Each structure stands twice: as structure tokens, then as C-alpha cells.
Amino acid sequence: MRQQRGAIIGRDGAVRDVVEALRATGEAARVLLVTAEAGMGKTAVLEQARRAAAQDGAAVLRLGWEDTDDTAGAIVVDVGCGLVVEDPDGCLLPVTVARRALLRAAAREGEVSGLSAFSEVLMEASRQSPFALVVDGVERMPQRSADTLALLLQVFRPRGVPVVMAGRPGPAADPGRAQLTAVADQVLALPPLQPCDIATLVDIHVTRRFGHPAEPALADAVSRALGTLAGNPRAVLSVLDALDEQDLAELDGRLCLTLPQKRLRLTTGSAELLRFGWPDAPADPEIVEAAIVTARVLDHAEVRFDDVLRLPSAEAQAIEHKLDRLVADRILTADQDGRLSFTVPALAAALRTLPTRRDVQGVYARFVTPLTDRLGAEATGSGYPRLADHVAAAGPGLDDALAVPLLLAAAREDARTNWPRSARAYAAALRRLTPQDGRTPGVLSEASSLSLRHGDHGGLLALGEPLLACLDTPHAENTEDGELAAAPETVAGASGTSADLETVAGAWVWAALHEHRSPWTDDTDSRYREALQRFPAVTGPAALGGLYGIGPLTPRQATAAHHVPDAVGWFAPGSSRTPLPSPAELRLVAAAVGSHAELRRARRNMSPDAIDDRALDRLRDAAAYADLAGALAAVLGDRNVAAPKGIAVQYRGMVRDYLAGDWDAALAAARRIEVRSRTHGTAGGPHLARALAAEIHSTRGDVAHATAWLDLVPDTLTHPLVARARLAVRYWSGRVEDALEEAWHDARQARKNGQLAGVERLLLRILTLAARSDRPHTVQQALEELEALHEEAATPMTHETLLIARGIAHHDADSALTAHRSIQRRGDVHLSVISSLCLTHIADDPRRWLTEAVRNAHTLGLGRPFRTAVTRAAQQRNIPIPRLRQGHQTLTEPDIALVRMVSDGATNRKIAAELACSPKTVEQRLTRLFQRTGTRSRRELTAAWLNGSLTTSGTVGDPPNPHSADDH
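Residues numbered from 1 in each chain as written. Predicted model: local features only at pLDDT ≥ 70, side-chain atom pairs only at ≥ 80, totals over all residues. Heavy atoms only, no water.

### With respect to the overall build of the protein
Just so we agree on the cut-off: Strands are runs of DSSP state E lasting at least 2 residues, helices are runs of H or I lasting at least 4, and numbering of each runs from the N terminus. Note on classification: 1.4 Å probe, protein chains only; a residue is buried when its accessible area is under 20% of the maximum for its type, exposed when over 50%, partly exposed between these limits. Throughout, the Shrake-Rupley method with a 1.4 Å probe supplies accessible areas, and for residues the shown protein chains are the sole cover considered.
Helix and strand content of the protein: 47 helices and 15 strands. By residue count, 55% of the 968 residues in the protein fall in the buried class. Total accessible area computed for the protein in this model is approximately 40600 Å², and 50% of it derives from carbon and sulfur atoms.

Here it is as C-alpha cells:
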């Protein structure tokens, strides 16, 4: 397999055009100009084309100019007008002594005579041995050399000699570049790389450097960080070179980015930054210094030209001049409101790492001071709320007495129109307010209410420290009844201190649950547990997390804390639109994981129209997979507010993909959740996502990856979903006895704790593995446990699993068929495979059911465990394996290499880059491979490869489609 340079990726067409131009000697010879911005791969295209043409027997010479490193080879002719020709490969016939003398004489007569003689020499040599000329970096040519080359190509053009030039497009005012453009017969402009090409370039570079392929999200992050340079190969490689191992995490054999996207930067060498920032001319130190300061300022605050004009006149003129220069150089861009931003965020991130002599905090303060001196702090905050970010970034550069009123006024002004900026203003004010300040509890309450309305869980969790500081101050006292009360002097300053702090504490717990955090875990600051225990109304939501696998499971009697009056503080009595659940709704969400009787009692305590039967079914389905976001959405309806990127919402999508059978998407969601938990300081341990990822891998037979995910889950977590994944990993690792015994313990412990949702799948797996291991006693025991569980829980899932269990244990085909139909309606692909396999063993028409099982299993990408089950079922019913037939021939080594790349998720373009062929060729090879193996898509091909049946058999199916959806 030929290794290719990264810059050639996505340039197949350009290389082909240049090669054709180099080969077109004689009458077809023409002048081709290849243009592109810096770093777009012009030189790489030229060199690749030169090598390709040389392999086909074409002779290529380099044309350069004096005093340049480009002419380090053997110089054949010095024209005397600044041009030289080098022939490193000895392609040109030697120039005779007499001809050299004539050339020197002609050059002495003048430039025109010298160029005419030089042209004649080239034409005479080309007739004897055809060759082509290439010249790179024409934008760097001295004016004299550029004029000479333009005159040679326009007036004394050596007929029959093709010429290929490469350089950056120049401004119209540059006469040298304009002349070279005018003499070109054809101009080939290299376009930016396409997203698929960028993904291939990132994947190849990361693989070569770190030893693992890149997660597709890494390429997307790099493209966003590069902005207008997204399609520039050198810029992409510069950002990748700036990454360290600690910026990446290996998950499922792929490297994921844990560095925040805004910190992705170009390599910070001065030469590298100047090449991307000022490619045409070097910037003077003052402009570079202004760019560094601007990058640091824009990291925390918005800047408009209006802000600059309010500065003292002399300073305003100097800054405005520098900003105008940065806009003219396309470093900055200004929108219609004068708002400044960097065209390349990665350049801004790199500039922020460079030292500066300026006091950046002082710059923030100078933007604010003129207005506050004239209008006052509160009027400035109300009239110019965007200046709050400057106040926050100014730090000690502004006095608290000025900063706090401005921040609070800006936060209240922006609360409806720009809530993220309002939340930042509240946070900045809280950093300046002391816990003893009478305004602090009220500000905490305002900030938490704002974040709660918009699902800003990160902002809510950031209020934890000022909340604890308030609770630790003397004005927060415990009364004899255990309620939090405010000292009289504090109540005088801010009424409702106790209620305000209880509101903030409740919102903090709510945000923690959405980020899959718990105040009860060992790695959480113990002060949170102590503080939250002061609020009976808060312990209910906190205990809810344990029931849904978030943190430890509190004793069942602790859920009595849910039974608090509806008028307790943070439930906001009288506000029916609050995003927080009422105590009755909390009881319903908690009861969904328990018995049917408990759920019925919880529903009876709510109004009849509060939740319908369909919403109740969604609630129970969500409870089975510990999907707290789905459970709350089912109960709260349109009142549910959640951050789209929060862990709970992403886990909800992961569960949806898992049930629908899109396991690759579910694994991608698990990787995103894991990266968020490592990147964002407010995120918690996503143990449920890790367990579900381990479940997918173990079901596919990939015990190594399943074990890697489970190792991230603490042993103290005993949720049924985690127990199910542990059972599979232990069993397929050869620990059969330990696996079944520990699974029994986990199932009984969950039932003892009242955590029934999800136990049915654990018991079904115990029963299935026991039947596989020929343990009839264990099969009967598991069936009895399932019957008892169904009597207690009575959910659709317990009913389905019980029917399947009866089909396995008692060979009851009617029960298994009823279960299969129910599963099909509900949409659980994996459970459908299990019911199909059960019907294969006991139904009258086993071929139909094994065919359906195989079809769904290919969708899931199931591996060794499924292959073993299929083989066993086919042998017991004495039937051939359905939808499988002998292949026409075994796979060749190139076929195996192609299948491996497809299994690794490579696209056609990436495969073409690795195999040094065109994407069309890859498409044709894949089509033939689909036909020979009987597979219909890349996904089925991958599944057949993973389950080991590809080299001997293929799946009979519909006509193959090399453009199937999973190809993209």
C-alpha cells in the first residue's frame, strides 16, 4: 500500500490535470497556472504530478530564478535575465559549447536577444527529447524575473514545451502576477478541501502520530476552529500538530477530543502564525501586538467599533487605526453592527498564548470607565448591558462598588433578550459579593431562576460555591425544627433569605441530575451533602437520582422526603409553568422504577388529566433504561426544559438509538457523553452511558472494549443495566459460575431496594445463558423470579420478557409469538432478535424466524455470541443457516484489506487515498465485493466480517448498493 502525503488528499483531479498538461508536448503544449492561497497544497500537487509524469516516461525540468534555494540542482542554462533552468534527473540533452557561446553572446546584446536565443534552444531540445517546464512559487519571484518569464511565454514562447506555474493569486495592482496570469492558457484554482477530505486528512494524521484513528467529531471541531481556513490542508495539520496526548482520549479504539473547541489553535511559532495571518506581507510588530491584545479581549467580551470611539481621542485614533488594519488584512471581521470577531478562531487561540506588554485587564476597564463616569453604574448597566462582560474580565481593575451595581443592572436588563450574557453577569456579580452581603441570597435566587428557565445546568452548578458560602455564614442558622432561618438583620436586607437559598439548592440538585451527578457520591464535596440535608424539599429530587442510576441508591424509606407539602419553597406555588416537578410529579417519576401498585398510588394523587396512558407507557419505558430525561419529559410535557448538550438529554438519545437498532450511533453518543464528562468541569460520571456502551460491545462479542467501558463504572453502582452488562462481560470472559452467581445477587438486591425497572432484562439474560449452559434448575429459578417480578411490576417489558422466558423454558410457541408481536410494536430490535431465536427453536417454521433474526442481527452488527446461537439453532432444527450461502470464492488479500478499512469506518475517499486509486475504483470494487459476499451494504459487510463468516459465506439479499446510507 503506497503511503501518500497528507496534502494530496482531495487533490486527485488537480493532480490529473497537471499530469495531462505536463504530458501534452508538441502541438498540444500549453501554459497552465495553478493558483491557491498559502497552505492549500500547490507545491504538493506539482510534485505529485511531476513524479506521476516521470513514471510514465515524461521529462520534467524546473525553471527558477537566481539567488533562490529552488535552483539547488544542476543548472543547465543561465539566461542572463534572472531565470535559470535545472535538470536534476538529467532529462535534457547537454547543451554544446558552441550553443552556450551563442547564448552568452545573445544575452550581452540585450534581454530580447537573450530570450529569443533561449527559446530557440528549448524548442530545438524539445524536438529531440520532449520535456516540460515547471516553476513553483511565482508570487515570490523578483519583479525582474517575473517580467522576463512573462515576456518569454508571451513573445518568445518555446513552441512544443508545456509550462506549469504555481503560486498564490496576487492583487490586481501587482503587474508581475497580472502578466503571468495573462499569458496562461489555463488557470487551475485549487478549491478548499471538502469535509470528507478534511476528515480523511485528520484521521490519517492522527493515526500516524498517536496510533489510533480519530473520532469523526474531531475533524468537525478542527473545521469549526479554522473558520475561513477550514479547507486549508496546512492549517488543518497545524492545528493537529498543536495537540498533545492529554488533549485526546481513546474510546472504542478511536481518539476523541477532550480539549474545549475554543482552545484548538494553530501551531504558535511566529513564522507559522505570520504565514496564515499575513501571507502576502509581514506585519509590523505593533500590528501583531494589537492582534494579540484583541484576541485576549475577545476571549471574554464583545468589542464593537463604538466602544473604541468612546475612549479618549488620542487612544481611540490609535486603536481604530490598528483595528482597521486587522480588518483589511482579513484577520478580523466586523458585522453590520460593528461587532468584531476573528475570521479564524484557531488563530485567535494561538495569539492568546503569546506574551504581550499590554495590561489586558486595564483594556477592559477603559472600555467601561468613560460611560460609568458620565452615566453612573446602574444606568450604564441598563443602557449598555453588553459591557457586563468587560466588567467581569476587568477583575480588580474596577472597584466592587462600581462593578456590582453595573453587573446586576445589566443582568436584569438582558434576562429576556440575551440570557447567556445575563447569566454571566450574575455569576460575575456573585464572585464580587460577599456571603454577608444582604443582596447575595436574592441574586443567587435570580441567577438560579434564569438558568432554570433556559436549561443552563452548567450555570446552575456553578452557583454551588456561592451557595455554600452563604449557608456557612452566621446569618444562616438552623431552627429547632431543622428548617433554615435567616438572622433578623439579614431578613431586613433581603426578605425571604431562607426561601431564596432553598430555591437555589433545589435548582442546584435539579441541574446535577441532568448532568448525571449526585450530591451523595464519594467524590462530591461533603459540604453539599451537609448543606442539602437542611432542606427536606431538596432531598426528594436528590434521592431520585439513585433510583435512576445516578449516584448511590438511598434507602427506600428516604423517599418519604418526597411527601412534602406542595407549598414548599422551590416548587414555586402558584406557578403552574415552573420547570421543576411538583412533589406529586416527583413521586410518579420515582414510582415508575418500582411496583405497579406504587405507580398506581402515585398516579392517583395527581389530577386525572395530568398524565395520560401513552405518557405513562413512555415513563415506564424510560425507567427501564434509567432514562431520567425521558421520564421527566413524559411527566412534565412541555414544561420540561433541558440543555440539548447535557448528559441526560444525550443519554436519552443514546437509549433511543439503542432500542431502534442503530448501535453505531449509540456508541458515538456514548463517546460524546464521555468526552463531555472529561471536558466540562460541571459534568458528572456518565456511568449509565458507559454501561450501555459495554452492553453493546459485549453483545457484539467485543469483550475487550466492553471491559474497558465497564472499568470506568464503580463497583458500588448496582443498577440493573450495569448488572446486565457485567453479566455478559463475565460470562463471555469464561467466568460462567461467577457471572451467574453475581448476577443473581444483583437482581435480588435491586428487587430488595424496590428498583424493579430493568431487572426483567437481567433475569432474561440469566435464563438465556443458563439454558445455553444446560442448567435447567437455573432456568426454572429465573422463570419463577420473572413471574414474581411481573406480578409486582406489571409493565409491558416484564410481560414481554416473561413470555419469551416461557417460550425458552416450556417451548411455548404461542407465548413467544405474542411477545414478538408486542416487541415489534414497541420497537426494540435486540429483544426482537432474542424472540426470533426463541421461535427458531420451537416454532413450526424455524427458517422464517432464523431469517428474521439474522436480518436484524446484521443491522446491529452482532458478532461471536450471535453466530454461536445461530449455529446451535440451525443444528438443533436440522436446517441450513438462513440467508447464507457459499461464496463464489474466498477473499483475496486486497479484498481483506478493503473489508478491514470498511470495518474501521473509512469512507470511499479515505480508502482511495490509502490505496492510491480513485473513489470510483473503490466504489466498483465494493460493488463486486457485495455481489460476491451477498451483502447489501457496508454495515452488513462489516457485520459479516466481524462474525467470522465472510471468508466462507455471504448473505443472500437485495441488490447491493455501494452508496448505501451507512457509507456516509
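### A few points about the packing of aromatic side chains
Condition: Put simply, two rings from Phe, Tyr or Trp (the six-membered ring, in Trp's case) pair if the centres are within 6.5 Å, and we call them stacked under 30 degrees between planes, edge-to-face over 60, tilted for the rest. We call a charge positioned above a ring when the Lys NZ or Arg CZ atom is no farther than 6 Å from the ring centre and deviates by at most 35 degrees from the ring normal.
Within the structure shown, the criterion is met by three aromatic pairs. Each residue in the set Y625, Y658 and W663 is aromatic and connected to the rest through ring pairs, giving one cluster. The cationic tip of R310 hangs over the ring face of Y384; the distance from NZ or CZ to the ring centre is 5.1 Å. In this structure, R848 packs its charged tip against the face of W849, placed 4.0 Å from the ring centre.

### Notes on the pairing of strand β4 (residues 83-86)
Two faces make up the sheet, and in a regular strand the side chains alternate between them. Just so we agree on the cut-off: Here, strands pair whenever DSSP counts at least two bridges between them.
Burial along β4 is two-sided: the face carrying L83 and V85 and the face carrying V84 and E86 are both buried. Bridging between strand β2 (residues 59-65) and β4 involves four bridges; their strand directions are antiparallel. Within β4, the residue paired with R62 across the bridge is E86.

### With respect to unusual backbone geometry
Phi at A626 takes a positive value of approximately 55°, unusual for a residue other than glycine. Within the fold, A626 resides in the loop between α29 (613-624) and α30 (628-636). Look at A626 and you get buried, because its relative accessible area is 0%. A positive phi angle is found at A794, which is not glycine, with a value near 55°. Turning to its location among the elements, A794 is positioned in the loop between α38 (776-793) and α39 (796-810).

### As for the environment of R761
Stated formally: Working rule for contacts: check all heavy atoms of both residues, and any pair within 4.5 Å makes them a contact. N or O atoms closer than or at 3.5 Å make up a polar contact, with two conditions inside protein: a donor-capable atom paired with an acceptor-capable one, and, for residues adjacent in sequence, both atoms drawn from side chains.
Note on placement: R761 falls in helix α37 (residues 759-772). Filtering out sequence-adjacent residues up to four positions away, R761 remains in contact with Y625, Y658, R724, T801, D828, H830 and L831. A distance of 3.2 Å separates polar atoms of two side chains, one belonging to R761 and the other to D828.

### So, a positive patch on the surface
Rules: Only residues whose relative accessible area exceeds 30% and that form no salt bridge are eligible for patches; like-charged ones are grouped when within 9 Å, while nonpolar side chains (Val, Leu, Ile, Met, Phe, Trp, Tyr) are grouped when within 5 Å. Here, a salt bridge means any Lys or Arg side-chain nitrogen found within 4 Å of an Asp or Glu carboxyl oxygen. As used throughout, the charge tally considers Lys and Arg to be positive and Asp and Glu to be negative, leaving His and the chain termini uncounted. The location of each charge is read from NZ of Lys, CZ of Arg, CG of Asp or CD of Glu.
On the surface, a cluster of positive charge is made up of R614, R618, R652 and R656. Elements with a contribution of two residues or more to the positive patch: α29 and α31 (647-660). Mapped onto the secondary structure, R652 falls in helix α31. Residue R652 is classed as partly exposed on the basis of its relative accessible area, which comes to 32%.

### A closer look at helix α15 (residues 360-375)
Under the convention used in this document: Helices are assigned an expected span. That span is 1.5 Å times one less than the residue count. By definition, a residue's bend is the angle between the axes fitted to the seven residues ending there and the seven starting there.
Here α15 spans 24 Å end to end across 16 residues, near enough to the 22 Å set by a 1.5 Å rise per residue. The sharpest bend along α15 measures roughly 30° and falls at V368, with the proline P370 sitting one to four residues further on. Taken residue by residue, α15 has V360, G362, V363, Y364, A365, F367, V368, L371 and T372 as its buried positions. Buried residues in α15 make contact with α11 (285-298), α12 (305-309), α16 (377-383), α17 (388-394) and α18 (400-414). For α15, the N-terminal capping position is held by D359, with its side-chain oxygen 3.4 Å away from the main-chain nitrogen of Q361. Looking one or two residues beyond α15, the residue adopting positive phi is G376, at roughly 95°.

### Structural notes on the environment of L180
Inspection of the secondary structure puts L180 in helix α6 (residues 175-183). The exposure class of L180 is buried, given its relative accessible area of 3%. A sequence separation of 31 residues divides L180 from L149, and the C-alpha atoms of the two residues are 7.7 Å apart. Look past the residues within four positions of L180 in its chain and what remains in contact with it is V138, A146, L149, A150 and M165.

### What to know about the environment of S582
Residue position: S582 is located in the loop between α26 (536-547) and α27 (583-591). Measuring from C-alpha to C-alpha, the distance between S582 and M606 comes to 9.9 Å, with 24 residues separating the pair along the chain.

### Looking at the pairing of strand β5 (residues 131-136)
To keep it simple, the criterion reads: Whether a crossover is right-handed depends on one test, that the path from the first strand over the helix to the second runs clockwise when the strands point away from the viewer.
Across the six residues that make up β5, a large majority, five, are buried. Looking at chain direction, β5 and strand β6 (residues 163-167) are connected through four bridges and run parallel. By the bridge assignment for β6, V135 is matched with M165. For the segment spanning β5, helix α5 (residues 143-154) and β6, crossover handedness is right-handed.

### Some remarks on the nonpolar core
Defined as follows: In this description, a nonpolar core means a group of buried Ala, Val, Leu, Ile, Met, Phe, Trp, Tyr and Cys residues linked to one another through side-chain atoms lying within 4.5 Å.
Counting residues in hydrophobic clusters, the biggest one holds 144 residues, and the most contacted among them are L226, L266, Y548 and L619. The dominant element in this core, judged by the number of residues it contributes, is helix α24 (residues 497-514), at ten residues. Setting aside its immediate chain neighbours within four residues, L619 contacts Y548, L588, V589, A592, L599, A631, A634 and V635. I673, A728, A750 and A770 belong to the second largest nonpolar core, which has 83 residues in total.

### Observations concerning the packing of α27 against helix α28 (residues 596-604)
Geometrically, a packed helix pair is captured by the angle between its two axes and the distance between the axes. Convention followed: Axis angles are defined between N-to-C directions and span 0 to 180 degrees, where every axis is a line fitted to C-alpha atoms and, for a helix, only to the segment in contact. Working rule for angles: under 35 degrees goes down as roughly parallel, over 145 as roughly antiparallel, 65 to 115 as roughly perpendicular, anything else as oblique. Whether a crossing is left-handed or right-handed is set by the direction in which the near helix is turned from the far one by less than a right angle, anticlockwise for left-handed and clockwise for right-handed. Side-chain classes are defined by residue name, with Ala, Val, Leu, Ile, Met, Phe, Trp, Tyr, Cys and Pro counting as nonpolar, Asp, Glu, Lys and Arg as charged, and the others, Gly among them, as polar.
Viewed as axis vectors pointing N to C, α27 and α28 meet at an angle of 165°, and their least axial separation amounts to 9 Å. Put simply, α27 runs roughly antiparallel to α28. Two packed elements cross with a definite hand, and for α27 against α28 that hand is left-handed. In contact with R587, L588 and A591 of α27, α28 contributes E598, L599, A602 and R603. A per-class count over the contact of α27 with α28 returns four nonpolar, no polar and three charged.

### Remarks on the packing of α37 against α39
At a minimum axis separation of 9 Å, α37 and α39 run at an interaxial angle of 10°. In terms of their interaxial angle, α37 and α39 are classed as roughly parallel. Of the residues in α39, those in contact with E760, R761, L764, L767, T768 and A771 of α37 are M797, T798, T801, I804, A805 and I808. Considering only residue class, the contact of α37 with α39 consists of seven nonpolar, three polar and two charged.

### What to know about the pattern of salt bridges
What the rule picks out here adds up to 45 salt bridges. With a closest N to O distance of 3.8 Å, D299 and R352 form a salt bridge. Of this pair, D299 sits in the loop between α11 and α12 while R352 sits in helix α14 (residues 345-352), and the two are 53 residues apart along the sequence. Considered together, D299 and R352 belong to a single accessibility category, that of buried residues. Between E800 and R826 there is a salt bridge whose closest N-O contact spans 2.7 Å. Note that E800 is positioned in helix α39 and R826 in helix α40 (residues 813-826), a separation of 26 residues in sequence. The exposure class of E800 is buried, given its relative accessible area of 1%.

### Focus on α38
Across its 18 residues, α38 extends 25 Å between first and last C-alpha, which sits within 8% of the 26 Å expected from 1.5 Å per residue. Against the buried residues of α38 lie α28, α29, α36 (736-752), α37 and α39. Count one or two residues on from α38 and you reach A794, which has phi positive near 55°.

### Considerations on the side chain of R726
As for its position among the elements, R726 is in helix α35 (residues 720-732). A polar side-chain atom of R726 sits 2.9 Å from the main-chain carbonyl oxygen of P714. Discounting chain neighbours no more than four positions away, the residues touching R726 are L710, V713, P714, D715 and L717.

### As for the confidence of the model for the protein
The test is simple: Scored from 0 to 100, pLDDT reflects the predictor's confidence in each residue.
Scored by pLDDT, the protein has a mean of 83; 85% of the residues are at 70 or more. Long-range and interchain partners of residues 1-7, a stretch whose pLDDT sits below 50, account for 14 contacts in this model, where long-range means more than four residues apart. Low pLDDT, under 50, characterises residues 556-576; the stretch is placed with 44 contacts to residues that sit more than four places away or in other chains.

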